[in-house]
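Observations on the three-dimensional arrangement
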Amino acid sequence: MPGNPKVLISGAGPVGLTLANELVRHGIPVRIVDKAAQRTDKSKALVLWSRTLELFDAAGYVQGFLSAGLQAHGAQISTGKQIVARIAFDLIDSRFAYALMIPQSETERLLEERLAAAGVTVERTVGLSGFTDRGDSVEAVLTGASGDSETIQADWLVGCDGAHSAVRHGLGFAFEGSTLQSHWALADGHVTGLDRQDHLHIFWHRDGILAFFPIVGDRWRVIADLGPAADGELHPDPTLGEINALMAHRGSPAIAMTDPVWLAAFRINERKVKEYSRGRVFLAGDAAHIHSPAGGQGMNTGMQDAFNLAWKLALVIEGAAKPALLDSYSRERSAVGDLVLKNAGRLTELATLRNPLLQDIRNTVLRFAAGFPQIRHKVADQLGEMDIGYPDSPLTAASGPVANGPKAGERWPHRLAEGPGGCRFTALGLPDPVAGLATKFPNLVTMGPACAPIDAKTLRLIRPDGYVGFTGGPQDTARAEAYLAALEA
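Residues numbered from 1 in each chain as written. Predicted model: local features only at pLDDT ≥ 70, side-chain atom pairs only at ≥ 80, totals over all residues. Heavy atoms only, no water.

**A word on the packing of aromatic side chains**
This model, assessed by the stated rule, comprises 16 aromatic pairs. Measuring from ring centre to ring centre gives 5.2 Å for tryptophan 49 and phenylalanine 89, while their planes differ by 80°; the resulting arrangement is edge-to-face. Residue tryptophan 49 is located in the loop between strand E3 (47–48) and helix H2 (50–59), and its partner phenylalanine 89 is located in the loop between strand E6 (83–88) and strand E7 (99–101); the two are separated by 40 residues in the primary sequence. You can call phenylalanine 89 buried: its relative accessible area is 1%. (Phe/Tyr/Trp six-rings, centres within 6.5 Å; stacked < 30°, edge-to-face > 60°. Helix = DSSP H or I, 4+ residues; strand = E, 2+ residues; numbered from the N terminus. Buried < 20%, exposed > 50% of the residue type's maximum accessible area, 1.4 Å probe, protein only.)

As structure tokens, then:
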């Protein structure tokens, strides 16, 4: 048996695997279990957005995803007869200015193989059947397919175990929200008749939405809403003939699918917990928030939960930071979850309008708004999750206004080389104050690269996940020291 880990992760989907990889990269022993016998063979979540790719890049293993995925450079919304709007992903403020289309099955494969190369094997057909937070550790009961149980002690437990999370149920957290009153169809197969295979194609037809997402080659994901649904009502899975009829009616008679890999009907749930943690137990990904697939934000938001939590756990476990650092996780990521839930809900409402007059107004307003470069830019950045920040975080502090560049709480746009520890704040600014901070707080701070003269006027502390924690002038070294002293163990 692998024994007692520092962190036990329940759930080996993209979020759990991301968290495990990040903790192992920081030298933290983990165990990761999943009751499924094997990883998914379905395409499921299809896109890695720019901000997620930046985080994988900073961690040093983005290349595998880039090699396995397809770059989508834009989206086109039409009625089937007229173009309503075009969105260019090239406008995203990132070195990864595109949507990387990659099936979830491939994402999980890449993450699991990397984890195995680091010496950690996903324990499959093993489920978390119970746990107790003892205050100084978590006692967890793991049960295998044979029914045999093992009781272990972990310093921390993280539930990445999806919408039906055993960890969330064990915490007794309410999963507040609702199920949308509509049926949806999904098809994954080989499609012909679509122009520009590096674009998402969305049809706002009078009778409902029809959306196409490229995967690889001539394989596409197709999603369509099927109309109102009553409480508890389930729709049968669509047939290939029904999908082709929908595509011909709402899109074009020239569009056709063959050799479907996956046909399914589904309902959309919008739910979220208020708090992402209690004591030594945390939630991440679908265990904490589920929402409409509009915008493709779900998996990305969950992975970014994992990146946020991993560096904080690592610093606390290493003894470099106070356990209170972990209190910021729920506050930061719950606020992001609220934002993503709201944005995805709005997109879904717009796409599923049924009233012809409201549809015409929607199309006219969007066509007008899309004529402004600033609006197109803002929409692209929102999709790429570049607008996410932590302005209200307890880790965000500023001494006066910043004359240039990102403010405290905002994303730092440049790639920073990792220090030897790989999990420290990066100090940027004039050499003397930066060197002083790195010397005084060696377990928390590393010196960043020399700044351009205009940036040198601002003293910044960049968090390990690439967000600005502290900003001030060169004269604010004492305040930067106080910021770090409040975190230091």
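**Topic: the packing of helix H11 (residues 431–440) against helix H12 (residues 477–487)**
H12 packs onto H11 with a crossing angle of 25° between their chain directions and a minimal axis gap of 11 Å. In terms of orientation, H11 lies roughly parallel with respect to H12. Along this stretch, H11 crosses H12, giving a crossing that reads as right-handed. Residues Pro433, Leu437 and Lys440 of H11 form the contact with H12, whose participating residues are Thr477, Ala480, Glu481 and Leu484. Among the residues forming the contact of H11 with H12, the class breakdown is four nonpolar, one polar and two charged. (Axes fitted to C-alpha atoms, helices over the stretch in contact; angles between N-to-C directions. Parallel < 35°, antiparallel > 145°, perpendicular 65-115°, else oblique. Left-handed = near helix turned anticlockwise from the far one by under 90°. Contact = heavy atoms within 4.5 Å. Nonpolar A, V, L, I, M, F, W, Y, C, P; charged D, E, K, R; others polar.)

**Quick notes on the layout of surface pockets**
Empty pockets left among the atoms are what a rolling probe the size of a water molecule brings to light. The volume enclosed by the second largest pocket comes to roughly 250 Å³. Lining the second largest pocket we find 15 residues, and of these Ala335, Gly389, Tyr390, Pro391 and Asp392 sit closest to its centre. Within the lining of the second largest pocket, the residues separate by chemical class into seven nonpolar, three polar and five charged. (1 Å grid on protein atoms, 1.4 Å probe; cavity = no way out; pocket = protein on both sides within 12 Å on 5 of 7 lines; lining within 4 Å. Points joined across faces, edges and corners; volume = space filled by probe spheres on them.)

**Some points on the sheet that holds strand E26 (residues 459–462)**
In spatial order, the strands read E23-E27-E26-E24-E25; together these five strands make up an open sheet with mixed pairing. Of all strands in the sheet, those bounded by a partner on one side alone are strand E23 (397–398) and strand E25 (445–447). Relative to E26, strand E24 (residues 425–428) is paired through three bridges, and the arrangement is antiparallel. Looking at E26, one finds that leucine 428 is bridged to arginine 460. Packing of H11 onto the sheet brings it into contact with E24, E25 and E26, and relative to E25 it is tilted by some 145°. (Pairing = 2+ DSSP bridges.)

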